[in-house]
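What follows is the residue order along each chain.
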Amino acid sequence: MGVALGRLVQWTAPGHGTRVLEKTPLNEAILKEIIMFAESFIYKHPQEAKYVFVEPLEWKTDLNPSAFESGYVVSATTVKSEESDENGQPLLFLSVPQIKVRSFGQLSCFLLIAKDTKLKEAQACIEGNRNPVAKILGLDYNTMKEESSILNILDKITKDNDTESEIKMKIAILLKQLDVNLLNHSLKCISLEIPLHPAAVKNDIELLKRFSGKGEQTVLESIKYTSDYEYPNGCRAPPWRQILGEICYVLVKPHDVETLCITCSEEGVFLNGGKTDDEEINYERKGVIYKDLVTCLKEKSAKFSENMSKQKTRFNEELQKEKNKPNETPKKEAPGALRKAIPGSDKTMLEKNQINFGKSNMIKRLEPSLNWKTTIDSKEHRVSIHEERHGGRVEKSAPSVSAGKAQLIRKSGEKVEEIVSESSSESEEDEEPPDHRQEANADLPSEYWQIQKLVKYLKGGNQTATVIALCSMKDFNLAQETCQLAIRDVGGLEVLINLLDTDEVKCKIGSLKILKEISHNPQIRRNIVDLGGLPIMVNILDSPHKSLKCLAAETIANVAKFRRARWAVRHHGGITKLVALLDCAQNSAEPAQSSLYDARDVEVARCGALALWSCSKSYANKEAIRKAGGIPLLARLLKTSHENMLIPVVGTLQECASEENYRAAIKAERIIENLVKNLNSENEQLQEHCAMAIYQCAEDEETRDLVRMHGGLKPLATLLNNTDNKERLAAVTGAIWKCSISKENVTKFREYKAIETLVGLLTDQPEEVLVNVVGALGECCQEYENRVIVRKCGGIQPLVNLLVGINQALLVNVTKAVGACAVEPENMMIIDRLDGVRLLWSLLKNPHPDVKASAAWALCPCIQNAKDAGEMVRSFVGGLELVVNLLKSDNKEVLASVCAAITNIAKDQENLAVITDHGVVPLLSKLANTNNDKLRRHLAEAISCCCMWGRNRVAFGENKAVAPLVRYLKSNDANVHRATAQALYQLSEDADNCITMHENGAVKLLLHMVGSPDQDLQEAAAGCISNIRRLALATEKARYT
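The rules behind the values
- Residues numbered from 1 in each chain as written.
- Predicted model: local features only at pLDDT ≥ 70, side-chain atom pairs only at ≥ 80, totals over all residues.
- Heavy atoms only, no water.
- Helix = DSSP H or I, 4+ residues; strand = E, 2+ residues; numbered from the N terminus.
- Buried < 20%, exposed > 50% of the residue type's maximum accessible area, 1.4 Å probe, protein only.
- Contact = heavy atoms within 4.5 Å.
- Areas by Shrake-Rupley, 256 points an atom, 1.4 Å probe, with all protein chains shown as cover.
- UniProt positions renumbered as here; feature names shortened; annotations may be inferred.
- Axes fitted to C-alpha atoms, helices over the stretch in contact; angles between N-to-C directions.
- Left-handed = near helix turned anticlockwise from the far one by under 90°.
- Nonpolar A, V, L, I, M, F, W, Y, C, P; charged D, E, K, R; others polar.
- Salt bridge = Lys/Arg side-chain N within 4 Å of Asp/Glu carboxyl O.
- Arc of directions from axis to C-beta.
- Core = buried A, V, L, I, M, F, W, Y, C linked by side-chain atoms within 4.5 Å.
- Pairing = 2+ DSSP bridges.
- Polar contact = N/O pair within 3.5 Å; in protein donor to acceptor, adjacent residues only side chain to side chain.
- Phe/Tyr/Trp six-rings, centres within 6.5 Å; stacked < 30°, edge-to-face > 60°.
- Lys NZ or Arg CZ within 6 Å of the ring centre and 35° of its normal.
- pLDDT = per-residue confidence, 0-100.

Take the overall build of the protein chain next. Along the backbone of the protein chain there are 58 helices and twelve strands. Of all 1041 residues assigned to the protein chain, the portion counted as buried reaches 54%. For the protein chain, contacts bridging at least 24 residues in sequence account for 68% of all contacts bridging at least 6. Element-wise, carbon and sulfur atoms account for 49% of the exposed surface of the protein chain, whose accessible area totals about 47,700 Å².

See below:
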């Protein structure tokens, strides 16, 4: 960090005032990297976050004390953190406007509180602490050489072998890594800055002069140089300014603002101080740097921007003339002929060929021209492409393949891919539609035959005829299935895929545009995979042409809708290449840095995200995306303001968040904050995917807390009121369900009146919404206040009504919700009146173990709170036998829940007698040898209650249940100890059981528990020891008498 701040950060020139950071894209990029490091520090390195700095970081802040909430002592002008060091000094102290921070933990919290002003605060911090590393780690560290390695750091700091030195060492390494990251990131930003040169600037100014003058339609009133003398190198700036990279100075008079004095330099274009009274130029920069003259003028003059958009076509023509002057050849005839032959095809043909004015020179350097070349050789005119592909694609020797041959290709390909599918780790089974072709005698529209003629031109024509045919084909409505199948039936797909292997960019663009449209058809998708189209498209992702990369990625996104296609993309290295596309616009989200990137870079990244979204529906591809470094790039793109970019990015994250390692990475990359932020977007699709991503991630408690901390619960509660979009409603209710697992979140939802809204959604909603609504209510009803709200809002009846459904997930959630409500006696009366207990009991017959277990758990509070529970249970014909037979299940959750139900049933003597007759004792005894603590607890409780009838105590001993119970006392679970001690107390009433307990070492274990703070455990342990001791005394007395 010290090297980066010392060498890369750009400061204002020395003067009378204090030097501050300049407002440059590079500075902003460095500040954002530092913010990301500091914000995530408390989550990634919690132990190091507590380290107290040697000296506090001190700067002037704009934050008011009112912004600080819990964890701080706040007054009118001061704020103190409750967290303090060994001497009682607060780790954060604010005395308006001066702030002192003494740990990374408090620095992370401060940045979270700063929210939108965090960039400004980071700048103030750097300006106020020119050597932050020395303040954090001490002057010892500061004396080290800049080129010191990690080993030097270890040697320098770990002089004392103690914990503080170890933490200090770790922080030193982390700061060193940050320094390297900042240097690499800055190098990347600098490498993207393409310097202007005199010829490019002159060309732009001369073109602007042609379109300047009097009149409203001109772009400017005037533009002129400040100096008429031009040096041999093309510059007009004085030599002492040329050393600084300045090229020339121009005076520009727009229609709507005052005259602007502009400096054109290699670094970019910016406003200077203008002319002084003695006609000298004030060279000092005023404001930001723009990438070219046109961009600068568009920012400064609205009239210029408006007229430029009107004159765009003329500008492009003039620009093309300028480009073509040195090479006046017949090559211009081809585009001209095209325009005459196909009216209105300019947009189709040259859509990607139009280059914005002002970007001409940059694009000339970066990309070759898309104009046709007149040099004709065998490579350009090859009609057949010989290429052998793996995975079922045979060698192609002609532009088209016969229908019979294509069928053979498909069959051989399917054999290979069947093996792949069997060994694939992808979980979903996508159905591929059966192939069908148009019947020969079918009444087909005229478009079908016209497309077939165009395909013939594609097969046999030269490059001009090929492009004309592609443009004409694009003019058809390719969304129609008839047009799509017409291309396929006559062998057009083979030709289009062959064209992707040519060196002609226009042919590739035309072919991909058509493939992109027709690949929405499921049959066409399968045919493209069968013909080996995906490997070629994956190779195109390496092309330097951004238009080609965009089209290839979009087509891959359409094709990769089924498993075989997704496997092909991964198998041919497509995932890594698609992830690389995301890197094109990693910083273009911020206006200050948009000058570094072309708008097409954003489009490339969007198309890459779209393709990854389709590919991420399989586990293997999710892993490939993660290993390729996709998560940090997706996290960066999530900060953009482009909604069309955000939707595929969030969609990809939503798909991947189903995996645990992804959820951990999402948390580490601080993605939750941006997901919450985009919940407030007006785009319904974006809201849906953000909510679904939160639903996937909120399995983790820390993530649920982050959603609350970043204010995500309120927008979720608000979105519940919009019920028209069912997909979004399902996602929102799912997010609320998972967030409700945390009690703090439930309290917030109650404040936002979300529980009342959820009750209203229990009727007239699709099952995917109901599952989530009921799940959320099940979590909320764990609290008394919410159970009352559900009852008062009339929620009990619709919940009971849902017990008759067949959806497994819905039944699991509704039984849990009904069970939670049954804890209140008033609610239980309503459930009983609605015959809810009988419905719950009937679900014990459900074939799904999860439903059985959930129903058994729900029965426990119902039996506990029913008025005449014993009679109610006996009223269910065959009910008790059903419960006892469930003890034969292999599912641990079912067994634990049934044991809990038996505990409640056995409290009634008549019911205990019935279940004893049904053989409950031997079945419970068989379960005793288990290591599952949850089952142990409820099994011990059931045994304890069953001991109350007849000779059940003796029977448990005879069925070898006593010795395993003694082992339960070695468990780490206090609940298991209490239940086991109570069971042993009941069993110790039988002499033989006492002997078994003594032989298995129960006395020693129970003696420790007599001193437990749990009173029930104390009494049970003491009672058991008492019974064992009495038996011993009786035996000893009998021996001597």
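What follows deals with the UniProt feature "coiled-coil region" (unreviewed entry) in the protein chain. The UniProt record marks residues 665-692 with the feature "coiled-coil region" (unreviewed entry), using the residue numbering of this structure. Across residues 665-692 one finds 75% helix and 0% strand; the C-alpha atoms that close the span lie 17 Å apart.

We now examine the packing of helix H27 (residues 574-581) against helix H28 (residues 599-615). Two numbers describe a pair of packed helices, the interaxial angle and the distance between the axes. Interhelical geometry of H27 versus H28 gives an angle of 145° and a closest axis separation of 7 Å. In the crossing of H27 with H28, the sense of the turn from one axis to the other is left-handed. Taken together, the residues of H28 that come into contact with H27 (itself represented by Ile575, Leu578, Val579 and Leu581) are Val604, Ala605, Gly608, Ala611, Leu612 and Cys615. Considered class by class, the residues forming the contact of H27 with H28 number nine nonpolar, one polar and no charged.

Here we take up the pattern of salt bridges. For the structure on display, the rule yields 40 salt bridges. Residues Lys209 and Glu206 are paired through a salt bridge, measuring 3.9 Å at the closest nitrogen-oxygen approach. Note that Lys209 and Glu206 are positioned in helix H9 (residues 198-210) at a spacing of three residues, about one turn of the helix. The exposure class of Lys209 is partly exposed, given its relative accessible area of 34%. Notably, a salt bridge pairs Arg488 with Asp489, separated by 3.1 Å at the nearest N-O pair. For Arg488, a relative accessible area of 4% corresponds to the buried category. What emerges from the salt-bridge pattern is a single network uniting Glu39, Lys118, Arg670 and Glu673.

Let us look at helix H57 (residues 1002-1009). Residue pairs three or four apart in sequence face the same way in an α-helix, which turns once every 3.6 residues. Residues of H57 that are buried: Ala1002, Leu1005, Leu1006 and Met1009. Relative to the axis of H57, the buried residues are bounded by an arc of 95° and lie together on one face. Opposite the packed face of H57, turned more than 90 degrees from it, sit the exposed residues Lys1004, Leu1007 and His1008.

It is worth spelling out the environment of Lys60 at this point. Inspection of the secondary structure puts Lys60 in strand E1 (residues 52-60). Among the residues examined, Lys60 registers a relative accessible area of 61% and is labelled exposed. Separated by 68 residues in the primary sequence, Lys60 and Gly128 place their C-alpha atoms 7.8 Å from one another. If we ignore the near neighbours within four places in the chain, the residues touching Lys60 are Pro97, Gln98, Glu121 and Ala124.

Right, let's talk about the nonpolar core for a bit. Counting 225 residues, the largest nonpolar core has Trp841, Ile915 and Leu924 as the members making the most contacts within it. A per-element tally of this core places H28 first, with nine residues. Non-local contacts of Ile915, meaning those with residues more than four positions away in its chain, are made with Leu880, Val884, Ile902, Ile905, Ala906, Val920 and Cys946. Core analysis: the second largest hydrophobic core is formed by 42 residues, Ile30, Phe53, Leu63 and Leu178 among them.

This next bit is on the pairing of strand E8 (residues 260-265). With six of its six residues buried, E8 lies for the most part within the structure. Of the two faces of E8, the one holding Leu260, Ile262 and Cys264 and the one holding Cys261, Thr263 and Ser265 are both buried throughout. Counted between consecutive antiparallel strands, the loop separating strand E7 (residues 246-253) from E8 contains six residues. Taken together, the three bridges between E8 and strand E9 (residues 269-271) define a ladder with antiparallel strand orientation. Looking at E9, one finds that Ile262 is bridged to Leu271. Between E8 and E9, which pair antiparallel in sequence order, lie three residues; one of them, Gly268, sits at a positive phi of approximately 155°.

On to the sheet that holds E9, then. Across a sheet, paired strands are connected by hydrogen bonds in the backbone, their directions being either parallel or antiparallel. Judged by pairing direction, the sheet is antiparallel, and its five strands sit side by side in the order E6-E7-E8-E9-E12 without closing on themselves. The open sheet has two free edges, formed respectively by strand E6 (222-225) and strand E12 (286-290), since each of these has just one partner strand. The sheet shows a mean angle of 25° between the axes of neighbouring strands, taken without regard to direction. Summarising the sheet, E9 and E12 pair through two bridges and their orientation is antiparallel. Looking at E12, one finds that Val269 is bridged to Tyr290. Across the sheet, helix H11 (residues 293-300) lies against E6, E7, E8, E9 and E12, angled at about 150° from E8, the strand it touches most.

Side chains Leu92 and Leu94 project from strand E4 (residues 92-95) onto a buried face, and the interleaved Phe93 and Ser95 project onto a face without burial. Where strand E3 (residues 78-81) and E4 come together, three bridges link them in antiparallel fashion. In the strand pairing of E4, Lys80 is matched with Phe93. Across four bridges, E4 lies against strand E5 (residues 98-103) in antiparallel orientation.

Further remarks concern the side chain of Thr218. By the element assignment, Thr218 lies in the loop between H9 and E6. Among the polar contacts made by the side chain of Thr218, one reaches the main-chain carbonyl oxygen of Gly215 at a distance of 2.8 Å. Among the polar contacts listed, one links the side chain of Thr218 to the side chain of His255, at a separation of 2.9 Å. When near neighbours in sequence (up to four residues on either side) are disregarded, Thr218 contacts Phe211, Ser212, Gly213, His255 and Asn307.

Right, let's get into the packing of aromatic side chains. Here the structure, examined in full by the defined rule, presents twelve aromatic pairs. Both rings, one in Phe68 and one in Tyr72, keep their centres 5.1 Å apart while their planes meet at 70°; by these two values the pair is edge-to-face. Between Phe68 and Phe110 the ring centres are 6.4 Å apart and the planes differ by 35°, which places this aromatic pair in the tilted class. You can see Phe68 sitting in the loop between E1 and strand E2 (72-74) and its partner Phe110 sitting in helix H3 (residues 104-114), a full 42 residues away along the chain. A network of ring pairs unites the aromatic residues Phe37, Phe41, Tyr51, Phe53 and Phe104 as a single cluster. The ring of Tyr225 has Arg236 lying over it, and the distance from NZ or CZ to the ring centre is 3.7 Å.

Here the focus is the confidence of the model for the protein chain. Taken as a whole, the protein chain shows an average pLDDT of 80; of its residues, 81% reach a score of 70 or greater. Low pLDDT (under 50) marks residues 143-151, which in the prediction has ten contacts with non-local residues, meaning those over four places away or in another chain. Confidence drops under pLDDT 50 across residues 153-160; counting only partners more than four residues distant or on other chains, this segment forms 18 contacts.

Once that is clear, we can look at the sheet that holds E3. Read from one edge of the open sheet, five strands run E1-E5-E4-E3-E2, paired in antiparallel fashion. Whereas interior strands pair on both sides, the edge strands pair on one side only; in this sheet they are E1 and E2. If you compare each strand with its neighbour and ignore which way they point, the axes differ by 10° on average.

Along the chain, Val96 connects to Pro97 via a cis peptide bond; the corresponding omega equals 0°. In this model, Lys115 sits at a positive phi of 50°, which is unusual for a non-glycine residue. With respect to the helices and strands, the residue Lys115 is situated in the loop between H3 and helix H4 (118-128). You will see that Arg670, though not glycine, has its phi angle at about 60°, which is positive. With respect to the helices and strands, the residue Arg670 is situated in the loop between helix H32 (660-668) and helix H33 (671-678).

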